[in-house]
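Spelled out from the first residue to the last, the chains are:
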Amino acid sequence: MPLPTGEQIRLGRDETCDIVVDRNGVSRLHLVFDVSATAVVVADFGSTYGSAVRRPDSNWQGLVARQREALEAGCELRLAEPEAVTMTLVPVLR
C-alpha cells in the first residue's frame with residue numbers, strides 16, 4: 001500500500017487508524033509514519049508488544065517507544081510479538 005507523501009499515517013487495531021491491522025498483539029494505535037518526499041520516519045506509539053526494524057543486511061532492533069526512526073527502502077518492520085506482523089518498505093517508482 002503506498003503511503004501518501006506529506007501526511008502522518010496511523011497504524012493500529014482501532015478503526016479510526018489509517019491502516020487497520022486486526023491482529024492479536026497489535027495495539028489500538030501501534031505505529032505512526034511521517035512520510036515526506038525524501039524520507040519515511042516511523043515511531044512506535046508505546047505499543048504493548050512493541051515493534052522492531054531490520055535494515056538490509058542487519059539484525060532486528062527494537063524500536064524505542066515514541067522515538068522517531070528514519071527508514072530506507074528494504075527495511076522490514078515487525079509488530080506485535082509473539083504473533084508477528086511483518087512489513088517491508090519498498091520504493092514506489094513514479
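Sequence positions are assigned chain by chain, starting from 1 and proceeding in written order. Per-residue local features of the predicted model are confined to residues with pLDDT of at least 70, and side-chain atom pairs are confined, for both listing and counting, to 80 or more; whole-chain, interface and lining totals are unaffected and use all residues. To obtain the side-chain values, all non-hydrogen atoms of the structure were used and water was disregarded.

**Quick look at the confidence of the model for the protein**
Right, on to step 1. Looking at any residue, its pLDDT shows the predictor's confidence there, from 0 to 100. On average, residues of the protein score 86 in pLDDT, and 90% of them reach the 70 mark or higher.
Right, on to step 2. A run of DSSP states H or I qualifies as a helix once it reaches four residues; a run of E qualifies as a strand once it reaches two. Both are numbered from the N-terminal end. The secondary-structure element of the protein with the lowest mean pLDDT is strand β9 (residues 85-88), recorded at 77, while strand β4 (residues 40-44) shows the highest, at 93.

**Considering the nonpolar core**
Right, on to step 1. By nonpolar core is meant a set of buried Ala, Val, Leu, Ile, Met, Phe, Trp, Tyr and Cys residues that side-chain atoms within 4.5 Å join together. The buried label goes to any residue with under 20% of its type's maximum accessible area, the exposed label to any with over 50%, and the partly exposed label to all in between, with areas taken from a 1.4 Å probe on protein chains only. If you look at the biggest cluster of nonpolar residues, it comprises 19 residues, and the most contacted ones within it are Leu11, Leu31, Phe33, Val42, Leu71 and Leu77.
Right, on to step 2. Mapped by element, the contributors of at least two residues to this core are β1 (7-12), β3 (31-35), β4 and β8 (76-79).
Right, on to step 3. When residues in this core are grouped by element, the largest group, three residues, is from β3.
Right, on to step 4. Apart from residues lying up to four places away in sequence, Val42 is in contact with Leu31, Val32, Phe33, Leu63, Gln67, Arg68, Glu69, Leu71 and Leu77. By definition, residues are in contact when any of their heavy atoms lie within 4.5 Å.

**Overview of unusual backbone geometry**
Right, on to step 1. For Asp57, which is not glycine, the phi dihedral falls at a positive 60°.
Right, on to step 2. In this fold, Asp57 is placed in the loop between β5 (51-54) and β6 (60-62).
Right, on to step 3. Taking relative accessible area as the criterion, Asp57 reaches 86% and is therefore assigned exposed.
Right, on to step 4. Positioned with a positive phi, Arg66 is a non-glycine residue whose angle comes to about 65°.
Right, on to step 5. Since its relative accessible area comes to 56%, Arg66 is described here as exposed.

**A look at the side chain of Glu76**
Right, on to step 1. The topology assignment puts Glu76 in strand β8.
Right, on to step 2. Whenever a nitrogen or oxygen atom comes within 3.5 Å of another N or O atom, the pair is scored as a polar contact, on the condition that within protein one atom can donate a hydrogen and the other can accept it, and that pairs from neighbouring residues in sequence are kept only if both atoms are in side chains. In terms of polar contacts, Glu76 uses its side chain to reach the side chain of Arg54, at 2.6 Å.
Right, on to step 3. Sequence-distant contacts of Glu76, that is, excluding residues within four places in its chain, are made with Ala52, Val53, Arg54, Trp60, Thr86, Met87 and Thr88.

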